[in-house]
Amino acid sequence: MPSTDKEAADSITEFQRQTRELLRSQQEAYLAAVKAWRSGLANSPPSWPQPPGLAPNANELAEASYAFAAKLLADQSRFMDELSKTMADVNKKG
């Protein structure tokens, strides 16, 4: 534990420097991944599905919308689980 105010201030400054450095490196890695993804899209953009030409009634439209939202939420949950596992693996030793 630091014994003087200067040592305490130096310790805090160093902690902040290391934290900013870590965040910067993570941001740079994320930006690199997004740039690679965007580059891939530019070379072969996805073909979005066309909605059906049918006109559903209000109940059918609501049910379909809620079912779609539930599937999106499940997909997002799976993604977050995998992301959490991936991030946890970084801290494992051995």
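What you see is a predicted model; the values in this text were computed from it and never measured.

Q: Whenever I open this one, the overall build of the protein confuses me. Can you help?
A: Scanning the protein from N- to C-terminus turns up 2 helices and 0 strands. In terms of overall dimensions, the protein is more spread out than a globule: its C-alpha atoms have a radius of gyration of 24 Å, far above the 12 Å expected for 94 residues. Residues classed as buried in the protein amount to 0% of the 94 residues present. With an accessible surface of roughly 9,100 Å², the protein has 62% of that area assigned to carbon and sulfur atoms.

Q: Can you walk me through the pattern of salt bridges in this structure?
A: For side chains of opposite charge, pairing can occur when their charged atoms come near one another. Going through the model one piece at a time under the given rule, you end up with 5 salt bridges. Between Arg78 and Asp75 there is a salt bridge, with its nearest N and O atoms 2.3 Å apart. Taken together, the residues Arg78 and Asp75, both in helix H2 (residues 58-90) and 3 residues apart, mark about one turn of the helix. Of the residues examined, Asp75 reaches a relative accessible area of 40% and is grouped as partly exposed. One connected set of salt bridges, linked through shared partners, spans Glu14, Arg17 and Glu21.

Parameters at a glance
Residues numbered from 1 in each chain as written. Predicted model: local features only at pLDDT ≥ 70, side-chain atom pairs only at ≥ 80, totals over all residues. Heavy atoms only, no water. Helix = DSSP H or I, 4+ residues; strand = E, 2+ residues; numbered from the N terminus. Rg over C-alpha atoms; globule rule 2.2 N^0.38 Å. Buried < 20%, exposed > 50% of the residue type's maximum accessible area, 1.4 Å probe, protein only. Areas by Shrake-Rupley, 256 points an atom, 1.4 Å probe, with all protein chains shown as cover. Salt bridge = Lys/Arg side-chain N within 4 Å of Asp/Glu carboxyl O.

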